[in-house]
Amino acid sequence: MRLAQILFSQGFGTRRECAGLIYSALVEVEGRVIDDPDADFPTEGFSFSVRGEPWRYFDKALVLLHKPAGYECSMKPKHHPSVMSLLPPPLRTRGVQPVGRLDEDTTGFLLLTDDGALLHKLTSPKHHVPKVYEVTLKHPVDEAQVQRLLAGVVLDDDPAPVRAAACEATGERSLRLTLTEGKYHQVKRMAAAVSNRVEALHRSAMGGLTLGGLAPGKWRWVEAQEREALGLKVG
Ligand code: URA
């Protein structure tokens, strides 16, 4: 693919701006300035830098963000900055969107992608990839609450009970709760249904993929081989 087209596809601006970056000697491949917008490169595994910032080529972007508290997942936030403001401009330009939503005060594991089909798949009710939440509660948690969350509780908008796929007390006032669906405020409403209250909520994992050492506010690419852990086909 032509270098100018590569930059354009990765969100570095209009076609004209991308050609301008190359003519201005701001783009390097393997440490060498390439000033020809028509220079042709294979895109598979391709990496380059723009203004000294390294970047990797991905046909479609899938990134993992450690969402801090105080950010909204909405593209049009009302009271707090959007999680989009934590991403570099090329990812915003190419239109990545959060895969589902975390509340403003929830922290942790958030995927974002510009792949419409993938977004649809990951947010579909049929895609039962487990999401793991670390829940801090206002009141002490007892075995009866754990058992009720596992057996299923009824929320106010649906008579069908929702159950935790896994639930264990991790402390006097904390739980690890695994859900395979993603209803609005589901963890908070499930805690309320067993007469407790969520004081802090952190999503630590989705499927077999965890945040690992990713610091709050930081993002990273999801590697092709990690997709399997999200219940997706690899390759
Ligand atoms: N459940 C909630 O109540 N809030 C979240 O942010 C995620 C799950």
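Since this is a predicted model, take the numbers as computed values, not measurements.

## Looking at the pattern of salt bridges
Here the idea is simple: oppositely charged side chains can pair when their charged atoms come close. The full count for this structure, using the stated rule, is 10 salt bridges. R176 is the partner of E134 in a salt bridge, and the nearest nitrogen-oxygen pair spans 2.7 Å. Of this pair, E134 sits in strand 8 (residues 131-137) while R176 sits in strand 12 (residues 174-179), and the two are 42 residues apart along the sequence. Judged by relative accessible area, which is 22%, E134 ranks as partly exposed. Taken together, the shared-partner salt bridges in this structure form one network comprising D103, D105 and K188.

## Structural notes on the pairing of strand 7 (residues 106-113)
Among the eight residues of strand 7, eight are classified as buried, and the element is accordingly described as predominantly covered. Alignment of strand 6 (residues 97-98) against strand 7, held across two bridges, turns out to be antiparallel. When the bridges of strand 7 are listed, Q97 appears paired with T113. Inspection of the sheet shows strand 7 paired to strand 13 (residues 198-206) by three bridges, in the parallel sense. Across the sheet, residue T107 finds its bridge partner in strand 13, namely H202.

## Observations regarding the sheet that holds strand 4 (residues 53-56)
The strand order 2-1-3-4 describes an open sheet built from four strands, whose pairing is antiparallel. A strand with exactly one partner marks an edge of an open sheet, and here the two such strands are strand 2 (32-33) and strand 4. Sheet topology places strand 1 (residues 27-29) next to strand 2; two bridges connect them, and they run antiparallel. Paired with V29 across the strands is R32, a residue of strand 2.

## Quick notes on the domain arrangement of the chain
Where the parts come together, the accessible area they lose is often given as the size of the interface. When cut into domains, the chain gives domain 1 (3-56), domain 2 (62-126 + 208-230) and domain 3 (131-206). The C-alpha centroid of domain 2 is placed 25 Å from the C-alpha centroid of domain 1. Taken together, the contact between domain 1 and domain 2 spans six residues of the former and nine residues of the latter. Broken down residue by residue, the surface that domain 1 buries against domain 2 is led by G11, W55 and R56, which jointly contribute 74%.

## Notes on the environment of L26
Structurally, the position occupied by L26 is in the loop between helix 2 (15-23) and strand 1. Relative accessible area serves as the criterion here: at 29%, L26 is assigned to the partly exposed category. Between the alpha carbons of L26 and V50 there is a distance of 5.6 Å; along the sequence they are 24 residues apart. Sequence-distant contacts of L26, defined by excluding residues within four places in its chain, comprise L21, S49, V50 and R51.

## Some words on the packing of aromatic side chains
Inspection of the entire model under this criterion finds eight aromatic pairs. Ring geometry for F12 against W55: centres 5.5 Å apart, planes inclined by 85°, an arrangement best described as edge-to-face. Placement of the pair is F12 in the loop between helix 1 (3-9) and helix 2 and W55 in strand 4, with a sequence separation of 43 residues. An aromatic cluster of at least three residues, connected via ring pairs, comprises F12, F41, F46, F48, W55, F58, W219 and W221. The lysine or arginine in question, R15, covers the ring of F8, its NZ or CZ lying 4.1 Å from the ring centre.

## Observations concerning the environment of L62
Within the fold, L62 resides in strand 5 (residues 62-67). C-alpha separation for the pair L62 and Q225, spaced 163 residues apart in sequence, amounts to 12 Å. Look past the residues within four positions of L62 in its chain and what remains in contact with it is L111, L112, T113, L118, R220, W221, V222, R227 and L230.

Calculation criteria
Residues numbered from 1 in each chain as written. Predicted model: local features only at pLDDT ≥ 70, side-chain atom pairs only at ≥ 80, totals over all residues. Heavy atoms only, no water. Salt bridge = Lys/Arg side-chain N within 4 Å of Asp/Glu carboxyl O. Helix = DSSP H or I, 4+ residues; strand = E, 2+ residues; numbered from the N terminus. Buried < 20%, exposed > 50% of the residue type's maximum accessible area, 1.4 Å probe, protein only. Pairing = 2+ DSSP bridges. Domains from an automatic or database assignment. Contact = heavy atoms within 4.5 Å. Buried area = accessible area lost by both parts, 1.4 Å probe. Phe/Tyr/Trp six-rings, centres within 6.5 Å; stacked < 30°, edge-to-face > 60°. Lys NZ or Arg CZ within 6 Å of the ring centre and 35° of its normal.

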